[in-house]
Amino acid sequence: MASALQLPPQSPSPSGQVLALLSTLSNPSSSSSQDAHARHALALKARDDALSLSNDSYSNLCTEFCRVLCCQSPESLSMEVLKDFHDSLAGDSDMFHKCCGWIQNNGGSNAQREGIMMWNTLRQMAGLLLKNALVSPPPPSALAQTKRMKLSPEAATEIKHALLRCLTDALSPIRGVASTAIARCCTAAVYLEKSMGIFFSVKNWVELVPFILHCVQVGNNTQQTIHSRDSIEHHAGIGALVALRKLLEDVPNRVAAEAPSTSFHELVPALLTCLQSPIQTRRKEALACLNVFIFPMPGALVANMDRYLGGLSALASDESAEIRQLVCQGIVSLLSQRAEYIKPHFASIVTFMLTATSDADPNVALEACDFWLTFASLDEDSYDDEMMGCVAQSLPQLLPVLLNGMVYPPDKIEELLEDNAIDERGGDDRQQDLAPVFHSAKTKGQYDSEDDDSEDEGSDDDMDNDDGEWSLRKCSAASLDSLAGIFGASYVLPPLLPALQEGLQNTDQWIREACILALGAISEGCMTEITPHLPQLHPFLLTQLTSQDSLPQLRCISAWALGRYASWTVTADDPSLVACSIEALVGRLLDRNRKVQVATCSALGVYVEAAGDLMTLYLEPVYRALMEALQLYRARSILCLFDTLGVMADNVGPAIGEGSLPGIYVPPILKYWNDIGRENPMDRTLLPLMECLGSITVVCGMNYQPWAVETFEMAMSTIEGCMMIISHYNNISDVDDELADPMICAIDLIDGLIEGLGSNFATLVAGSARFGPTFPNLLGQIVSHDIPGVRISAFAVLGDLARQAPTLIEAGLPTLISEAVSSIDPTHPAVCNNSLWALGEICVRCGENAGPLNPNAADLLQNLIPLLMGNSVDIDGNPIDTPVPGIVENAAITMGRLARVNPSFVAPELSRFLLGWCDGLSKISNPIERRDAFNGFVLALRANPHSIQGAGPLSQIIGSILFAVVSWHVAPDDLLKGASLFMVYQDFQPFPSEFGELKASLTQLLSDLKASAGQESWNEVESQMPVNVKRLIKEVYNIDI
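Residues numbered from 1 in each chain as written. Predicted model: local features only at pLDDT ≥ 70, side-chain atom pairs only at ≥ 80, totals over all residues. Heavy atoms only, no water.

1. Here we look at the overall build of the protein chain
Link 1 in the chain: A tally of helices and strands in the protein chain yields 50 helices and zero strands.
Link 2 in the chain: Its C-alpha atoms put the protein chain at 100 × 75 × 70 Å along the principal axes.
Link 3 in the chain: In the protein chain, once contacts between residues fewer than 6 apart in sequence are set aside, the share between residues at least 24 apart is 75%.
Link 4 in the chain: By element, 51% of the accessible surface of the protein chain is carried by carbon and sulfur atoms, the whole surface being about 44,300 Å².
Link 5 in the chain: Across the protein chain, the centroid of the 66 positively charged side chains sits 5 Å from that of the 124 negatively charged ones. (Helix = DSSP H or I, 4+ residues; strand = E, 2+ residues; numbered from the N terminus. Contact = heavy atoms within 4.5 Å. Areas by Shrake-Rupley, 256 points an atom, 1.4 Å probe, with all protein chains shown as cover. Lys, Arg positive; Asp, Glu negative; His and termini not counted. Charge placed at Lys NZ, Arg CZ, Asp CG, Glu CD.)

2. A closer look at the pattern of salt bridges
Link 1 in the chain: For the coordinates displayed, the defined rule picks out 33 salt bridges.
Link 2 in the chain: A salt bridge links E249 to R245; its shortest N-O distance comes to 3.6 Å. Taken together, the residues E249 and R245, both in helix α11 (residues 232-250) and four residues apart, mark about one turn of the helix.
Link 3 in the chain: Classification of R245 as buried rests on a relative accessible area of 18%.
Link 4 in the chain: A salt bridge links R624 to E620; the shortest N-O distance between them is 3.2 Å. Here the residue R624 and the residue E620 both occupy positions in helix α31 (residues 619-632), the gap between them amounting to four residues, near one helical turn.
Link 5 in the chain: Taking relative accessible area as the criterion, R624 reaches 47% and is therefore assigned partly exposed. (Salt bridge = Lys/Arg side-chain N within 4 Å of Asp/Glu carboxyl O. Buried < 20%, exposed > 50% of the residue type's maximum accessible area, 1.4 Å probe, protein only.)

3. A few points about the nonpolar core
Link 1 in the chain: Residues I522, I696, F761 and W917 are the most contacted members of the largest nonpolar core, which totals 361 residues.
Link 2 in the chain: If near-sequence neighbours (up to four positions away) are discounted, W917 is found in contact with L868, A892, M895, G896, A899, V906, L910, A933, G936, F937 and A940. (Core = buried A, V, L, I, M, F, W, Y, C linked by side-chain atoms within 4.5 Å.)

4. Description of a negative patch on the surface
Link 1 in the chain: Together, E609, D643, D650 and E691 make up a region of like negative charge exposed at the surface.
Link 2 in the chain: Looking at the secondary structure, you find D643 in helix α32 (residues 635-652). (Patch = residues over 30% accessible without salt bridge, like charges linked within 9 Å, V, L, I, M, F, W, Y side chains within 5 Å.)

5. With respect to the environment of M125
Link 1 in the chain: Structurally, M125 can be placed in helix α6 (residues 109-135).
Link 2 in the chain: Sequence separation between M125 and E233 is 108 residues, and the spatial gap between their C-alpha atoms is 25 Å.
Link 3 in the chain: Not counting the four nearest positions on each side in its chain, M125 is found in contact with L22, L25 and S26.

6. So, the packing of helix α1 (residues 16-25) against helix α3 (residues 55-70)
Link 1 in the chain: Two elements in contact, α1 and α3, have axes whose closest approach is 10 Å; the angle formed by their N-to-C orientations is 80°. One element, α1, and the other, α3, form an angle in the roughly perpendicular class. Mapping the contact onto sequence places V18, L19, L21 and L22 in α1 and L61, E64, F65 and V68 in α3.
Link 2 in the chain: When grouped by side-chain class, the residues that make up the contact of α1 with α3 number seven nonpolar, no polar and one charged. (Axes fitted to C-alpha atoms, helices over the stretch in contact; angles between N-to-C directions. Parallel < 35°, antiparallel > 145°, perpendicular 65-115°, else oblique. Nonpolar A, V, L, I, M, F, W, Y, C, P; charged D, E, K, R; others polar.)

7. A look at the side chain of S835
Link 1 in the chain: With respect to the element layout, S835 can be found in helix α41 (residues 829-846).
Link 2 in the chain: Assessed through its relative accessible area of 0%, S835 is described here as buried.
Link 3 in the chain: A distance of 2.9 Å separates a polar atom in the side chain of S835 from the backbone oxygen of C832.
Link 4 in the chain: Contacts of S835, omitting those with residues within four sequence positions, involve F795, A820, S823 and I824. (Polar contact = N/O pair within 3.5 Å; in protein donor to acceptor, adjacent residues only side chain to side chain.)

8. Details of α1
Link 1 in the chain: When you tally the buried positions in α1, you get nine out of ten residues, the bulk of the element.
Link 2 in the chain: Every buried residue belonging to α1 is among G16, V18, L19, A20, L21, L22, S23, T24 and L25, and all of these are buried.

9. Quick notes on the packing of α32 against helix α34 (residues 686-700)
Link 1 in the chain: Closest axis-to-axis distance for the α32/α34 pair is 8 Å, and the angle between their directions is 15°. Taken together, the axis directions place α32 and α34 in an arrangement best described as roughly parallel. The hand of the α32/α34 crossing is left-handed. Two secondary-structure elements touch here, α32 through L639, F642, L645, G646, A649 and D650 and α34 through P688, L689, C692, S695, I696 and V699.
Link 2 in the chain: Classifying every residue of the contact of α32 with α34 gives nine nonpolar, two polar and one charged. (Left-handed = near helix turned anticlockwise from the far one by under 90°.)

10. Brief notes about the state of the cysteines
Link 1 in the chain: Scanning all chains against the criterion turns up zero disulfides.
Link 2 in the chain: Not part of a disulfide, C100 finds its nearest cysteine sulfur in C99, a span of 5.3 Å.
Link 3 in the chain: Judged by relative accessible area, C100 falls into the buried class, the value being 1%.
Link 4 in the chain: Lacking any disulfide linkage, C166 is separated from the closest cysteine sulfur, that of C70, by 3.5 Å. (Disulfide = S-S within 2.5 Å.)

11. So, the environment of F913
Link 1 in the chain: By secondary structure assignment, the location of F913 is in helix α44 (residues 910-921).
Link 2 in the chain: Judged by relative accessible area, F913 falls into the buried class, the value being 0%.

12. Considering the packing of aromatic side chains
Link 1 in the chain: Scanning all chains against the criterion turns up 21 aromatic pairs.
Link 2 in the chain: Consider the rings of Y408 and W510, whose centres lie 5.7 Å apart with planes at 90°: the pair is edge-to-face. Note that Y408 is positioned in the loop between α20 (385-405) and α21 (410-424) and W510 in helix α24 (residues 509-521), a separation of 102 residues in sequence.
Link 3 in the chain: Residue classification places W510 among the buried positions, given a relative accessible area of 10%.
Link 4 in the chain: Judged by centre distance (5.9 Å) and plane angle (70°), the ring pair of W968 and F995 falls under edge-to-face. Separated by 27 residues along the polypeptide, W968 in the loop between α47 (954-966) and α48 (996-1013) and F995 in the loop between α47 and α48 bring together distant segments of the chain.
Link 5 in the chain: Given a relative accessible area of 3%, W968 falls into the buried group.
Link 6 in the chain: A relative accessible area of 7% places F995 in the buried class.
Link 7 in the chain: Through a chain of ring-to-ring contacts, three or more aromatic side chains come together here, namely F913, W917, F934, F937, W968, F991 and F995. (Phe/Tyr/Trp six-rings, centres within 6.5 Å; stacked < 30°, edge-to-face > 60°.)

13. Brief notes about the confidence of the model for the protein chain
Link 1 in the chain: Mean pLDDT over the protein chain: 88, with 90% of residues reaching 70 or higher.
Link 2 in the chain: Here residues 448-462 scores under 50 on pLDDT; set against residues more than four positions off or in separate chains, the count is 16 contacts.
Link 3 in the chain: Considering only residues more than four positions removed or in separate chains, one finds that residues 873-879, a stretch of pLDDT under 50, has eight contacts. (pLDDT = per-residue confidence, 0-100.)

14. Focus: the environment of W470
Link 1 in the chain: Along the chain, the position of W470 falls in the loop between α21 and α22 (472-487).
Link 2 in the chain: When the C-alpha atoms of W470 and Y191 are compared, they prove to be 31 Å apart, with 279 residues separating the residues in sequence.
Link 3 in the chain: Apart from the residues within four sequence positions on either side, W470 is in contact with L366, L373, C475 and A478.

15. Focus: helix α14 (residues 280-292)
Link 1 in the chain: With 13 residues, α14 extends 19 Å between its outermost C-alpha atoms, agreeing within 8% with the 18 Å of an ideal straight helix rising 1.5 Å per residue.
Link 2 in the chain: Regarding α14, the residues found buried are R282, R283, E285, A286, L287, A288, C289, L290 and N291.
Link 3 in the chain: Looking at the buried side of α14, the elements it contacts are α10 (208-221), α11, α13 (261-274), α15 (299-303), α16 (305-315) and α17 (321-337). (Expected span 1.5 Å × (residues − 1).)

Written out as C-alpha cells, the structure is:
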C-alpha cells in the first residue's frame, strides 16, 4: 500500500516584477490600444533580453515563471510583493486590480471568483512561457557565443520540484500545463543532451517516474467517493496519469529504458488497477498509457498481459465512447505489433470488433474498422490459418457493415450540399480547394526518378475526392479493398453482391454513391469474378457520371470507379467501350463542380495510362476539351489538369507531337503561364505546368521547336526571378526550400528541352537574344547553388548538355567539373548521384582527350573511392552506415568512364578500391553504362595488373571479378539481389551480341587471371564457385573452373 501523498518542496513566492511582466504580456488594455501595444512590445523585448542575456538571467526568469505557476492564490503573496506588482505596472494597474484588488478591498465572492480566474490565467501563461524557454533555450544575445543558454543546477532542481508539485493542483488546466512541460522537457533532452539532458532526461530526472507512480498508487488507494474527487490525492492521481500518457506518447522507449527499474515495473500493475476505477478520467488515462506501452512492450506488461486483456474485455462495454475507442485502439495495436498475445482470444475479439465497427459513436466505429484494415495488411508470419478462418467467418456480417460505413453521415452530407451550392454559384476558391504543390528535382543515372513506381499525389487509389481527413467512410473502403485482396472473390462477393445490387438500385443517391465506392474498392481483388457483370455495370456507371440529375459526389465516384475498371475497358473485345468512356469523361471535364473536375481529370489520366497509344484516335477532342477546361479551372482542378497533360505525354508517346496536335494545346499552356507569371512568377500553380511541359518537350522532340525559344526564355526568366528573390536573404538557411521550387521546375523544363531537341538545343540558345549570352554563366551559378534541390537539377542539365550540346559547356568546363567533383557528397544523395552521372557523361564526351579532366582527376578519384568501398563519412566525420541506393553503381560507372579517358587516372590506386568497384559493376542495370564501366575496368587492370595482388586475398579478388562478369548474364531486375543469387540462379542470359568486342576483352581478362593466379589460388576460387556459375564461365568464356 502506498503511504500518504508526499509532495516536493513548495517554491517561494514570485516577485512583483515578473507578475507585472506577465500582466503586460497578456495585454489587458485599459487605455488606448496604441499604448497597450507599445507596452506589450516592451514586455516581449524585456522577456527575450532576460532569457538571452546570460545563464544566470535565463535561470532566474525561468525560476520566476515556475513560481508563478505554483502560486495557487495571490492571497499567499506578501504585501511587499503585491506593492511591487502594482508599482511595476507603470500606471496601467488594470490587471493588478482584476487579480488582486479584492484582497485589499475585501471584495465580495464575485470579485474574489473573478480575481482567482484572472490569476489562474497568469499561472497558465507562466507555465507556457516556462515550457517554451526550457524546450528551446535561446542562444545568447552576445554574437560571439554560440552555445544555448543553460539552467543553473539550483534553478533546474526548483523547476523540477515545482512541475511535479503542479501535477497535484486542483485545476485541470494547471495540471495540463505542467504535464505538457514535463513531457516536452524530457523530449527536448533527447535532442539537446548537453543543455537539457543533464537535468531533464528521464535518466537524470530520477524523481520523475517514482513520483508519478506514487501519485497513481495514492490515487488508487483513496476511497473513491463524490467528496474524494475534491481531494489532493484525486487530483494528483489524475495529473500523474496525464503526465505519464504524454511522456509515453513522446518518448516511450526512453521511459522504458531510463526510468528507475523498480518504479517502472510497478507502473503497469498500478495502471491496471486504475482500469477498475469508478472515475472515468482515471480509466481513460490509464488505458491510454497501457496502450502506448504495447510498442516498447516492457517485461511488466508481458507478465501482466492476462490482466491487461481482461481489462480491455471489462471496458469493452464502458459507457464512455472515449474508453471504448481506446479499447479498440489497444486491440489494433496488439494486432499490428504483437499479434501472438491475442491469437488465443481471436475469435471473441473478432466478434467484439464486428459489433464495435457499427458503434453509434463514429470515433469508436472508426477505431474498430481499422482492425480489419490492419489485419489485411499483416505479414503472413503474423497470422495463422485459424485467425484467417475467424475473419473469413465474419465476412457475411462484416461486409454489409463496411458498406454501411461508406455512406456519408448526415452532418457530412449537409456540408457537401453547402459546398455544391457554392460551386454552382461560381464562388471563389476556398482554402480546402488549395492543395499543396510540391516538386521533386529530376535524378539521373541508376534509379532514375522517372522510373520510380511510387504513387504520386494524384493516384487513383484515393478512394474518393474528399478532404484529407481519415474517416469511417475511407477506412471502410480501404478495409474492403484490402480484405478483397487477401480473401478473394469467393469469400467477398457472395455476401456483398446482394447488398450492392440492392444499393445500386436505391433511389437515395448517397446510398448509390457508397455502393459505387464499394464496387471500385473490390476491383483489384475480385476483377476476374466481377468481369461477367461489367457489361451491365459499365453503362450504369456512365449513366451516373453523365446524368444531369446526379449529385456531384455521385458523378465523382462514378468517374473514379470507371478508372478502377479501365484495364477491362481497354482489353475488352468491344472497341466502342473505350470510345464511350472517353466521351463520357471528356463531357464531364467542364462540370461546374470543382470536385467533379478533379475526379474526371484523374479518371481520364487513369484511362490514358491503361490505353497508351490506343488513345491516338481520341487525342484531338481530348486536347480541345482540356484546353477549354484550362479557361474554366482554378485551384486544385488546374493542378490535376496539368498532371493529366503530363500523363498523356508520358503514356501516349510521340503521337501527341504529330501534325497540328501540339498547336492545339501548347500555345494555350504558354499563354496561361504568361498570364499567371506576369502577375506572380512564384505562383505554385506554375509548378505542375512546367512539369507537364517538361514531359511534352521530351516526347514531341523536334516537333516542339516552334515554341522552344518562348519556353526557354520563360524558364530562364523564372530562374532569374527566383535567384533574385533568394539573393535578398542574408543567410541561405533562412530560405524555405519551397521558395526554390519554381527555379528547380524551370531547370528541369530546360533539361526536357535539351532531351527533346538534342543537338539543336545549342541553336535554340544561340537564337535567344535575351538569354543566349548569359546561359553559360547561369549554368555555373546553378551548379554551385547553396540549395541542394537546385544542384540536383543543375547537374542533370550539365550531363545532358555533355551528351547533346557540348559546345555550350566547353568554355566553362574546368569550373563545372570542379563543382561536380565537390558535390560528390553522400549526405546529399540525389545531388551526389546526379553529379556522378554528369561527370560520367563528361568523361564520355571527352573520349581520349584527358585535358579537361586533368586538373580535377585526382580529386575525383579520391571522392569516388569512399563511395565504392562504403567508408564515406558525414560532415562531422561520422560513418554513413546506410548505403544510399544507386550511389555505388553510379560511382562504378563514373570510375569506368574516367578510366576509359585515361587509365592512368585510376590504375595507380586500383588496389584500394578493386573489391568495391567489382561490387558496383555487378549492380549496374543500364547496358550502355555497364559497357562503359567494364571497358574502363579492363583498361585499368591492364594498366596495373599487379593491383590484384595488393587488393586483398587473391581468391577473394578473383571471385569478385568473376561475379562482376557473371552479372552480364543476369536480368536487370535481379541484379540487386546480390552474389547470393548466383548460388541458385538458372536463368542466365546470353552476353549482348552488340558488345562483342567487350566480351572478347573479358574473355582475355579471365584467361590472364587464371594464368597469373597460380593453381593453388585458382583451386580455392573454384571450390567456392556454384556449379551453375562454373558451367556458364566455361561455356561462354572458355575458362575451365
